[in-house]
Structure formats: structure tokens, C-alpha cells
Amino acid sequence: MSSLLKTAVDGFYRIIEIILVLCMTVMLIMVFGNVVLRLFFNTGIDLSEEIPRFAFVWMTFLGGIIGLHRRSHLGVDMVVQALPVLGRKICWAISQVIMLICSLFIFYGTWLQHDIIAGNASPVAQISMLWVYGVSYVTGAAIALICLSNLIRLARGEVADDELIDVHEEGLAEGLEAERDMKAHMAGGAKP
């Protein structure tokens, strides 16, 4: 059963990544095409003003899910790194609870506005704005599930110590290793 669940979760993230690529492609083609049409033919496509903006909304909301899943959001970890493992676990649990509450507010707020959003149509395409802002249902639910899963894993003791710090800078490991090598080299009496 666990293998089936892992396959389903991986498939969900893969679908989101495909949607992100499609949104980026739509934005690129429509905006570039509209620029070319305006520059060379003194005309344009009305939909190319609206659809890329809608795709950007979807990219932002769905990208937040992928960012949380990969633990790649920006953050400051100076205080957390100075704490012992128990302090890190407590801070990580607090951050997961705060994100869980915020994601539930996103979902609930969209639900409260559902009728208003569904009743409005976009000016050019005349599609229901629920197709644009309804993505917050997916984002709120997915982030809530990720945070809830993380809290359950923490309670079971299944969270590794390296997961307790959510900030992972590119090149940080290489920089720290170079610094250690430099200190070891200088401790040996040699000049850099």
C-alpha cells in the first residue's frame, strides 16, 4: 500500500510540474507572438493580454506546492542552526503548524468567495474566474496535506535532522568544506 501511495504522490507532483511547463510555454508563446504582431503588423491578439496573466497566477500557486515539497523556499536559518536538535524540532513543528493554518485559510477563503468568483467572467475570454482563482483550492489543500504529513512524521520520529533546517543554499556545502580545508591547512602551519 505504501508503494501505491508513493506512486500516486509522485504522479501528483509530476502533473503539477507538467502544468507549470505548459503555463510557462503559453506565456512565452502568447506574449512573444503579441509583441511580434504589434511590432510588425500593428495588430494584436486580445487573449494574449489575459491568458498569460492567468497562467502566471497558476504558476505562482502551483509553484508554491512544489517549493514546499522540495523544501526550496527562501528563509533565514541563523537562529535555528544555533539551537540543539530539540529546539530545531520545536521550531520546525511551529513553522509547520503556522503553514498548515495559513493553507487552511487559503482554502476556506476561496470557499467563502466561491460564488462570487464563479459568477464573474473574465473581460476578454468570458471564462469563469473560478478557472483562474480556483487553483487556490488545490494549493490550500496540497500545502495542508504536506504540513500535516510533516507533523505526523515528526511525531513518529521519522524526520531526519537535516530536514529540520528548511534553508538549503546552493553551494553552501562546498563553501563550508573549503572553509574547513583552509582552517586545517592554516592549523598545519602553512600560509594560504
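This text goes with the structure placed above it.
Let me begin by describing the structure that accompanies this report. (Residues numbered from 1 in each chain as written. Predicted model: local features only at pLDDT ≥ 70, side-chain atom pairs only at ≥ 80, totals over all residues. Heavy atoms only, no water.)

## Topic: the nonpolar core
Moving on, step 1. Counting 29 residues, the largest nonpolar core has I16, L20, L62 and I65 as its most contacted members.
Moving on, step 2. Contributing elements (two or more residues each) for this core: α1 (2–41), α2 (47–70), α4 (85–119) and α6 (135–156).
Moving on, step 3. Residues within four places of L62 in sequence aside, it is in contact with I16, I19, L20, V135, V138 and T139. (Core = buried A, V, L, I, M, F, W, Y, C linked by side-chain atoms within 4.5 Å. Buried < 20%, exposed > 50% of the residue type's maximum accessible area, 1.4 Å probe, protein only. Helix = DSSP H or I, 4+ residues; strand = E, 2+ residues; numbered from the N terminus. Contact = heavy atoms within 4.5 Å.)

## Thoughts on α4
Moving on, step 1. A rise of 1.5 Å per residue sets the reference length of α4, with its 35 residues, at 51 Å; its end C-alpha atoms lie 50 Å apart and thus fit the reference within 8%.
Moving on, step 2. If you check which residues of α4 are buried, you get G87, R88, W92, A93, Q96, L100, S103, T110 and I117.
Moving on, step 3. Buried residues along α4 sit against α3 (78–82), α5 (130–133) and α6. (Expected span 1.5 Å × (residues − 1).)

## Here's the deal with the side chain of N150
Moving on, step 1. Checked against the element boundaries, N150 lands in helix α6.
Moving on, step 2. What makes N150 buried here is its relative accessible area of 12%.
Moving on, step 3. Side-chain polar atoms of N150 contact the side chain of R153, separated by 3.2 Å.
Moving on, step 4. Excluding residues that lie within four positions of it along the chain, N150 makes contacts with W92, Q96 and V159. (Polar contact = N/O pair within 3.5 Å; in protein donor to acceptor, adjacent residues only side chain to side chain.)

## Things to note about α6
Moving on, step 1. Between its first and last C-alpha atoms α6 spans 32 Å; for 22 residues at 1.5 Å apiece the expected length is 32 Å, and the two agree.
Moving on, step 2. Taken from the residues just after α6, G157 is the one with a positive phi, measuring 80 degrees.

## Details of the state of the cysteines
Moving on, step 1. Under the criterion given, the structure shown has zero disulfides.
Moving on, step 2. Just so you know, C102 is unpaired, no disulfide at all, and the nearest cysteine sulfur is the one on C147, 9.1 Å from it. (Disulfide = S-S within 2.5 Å.)

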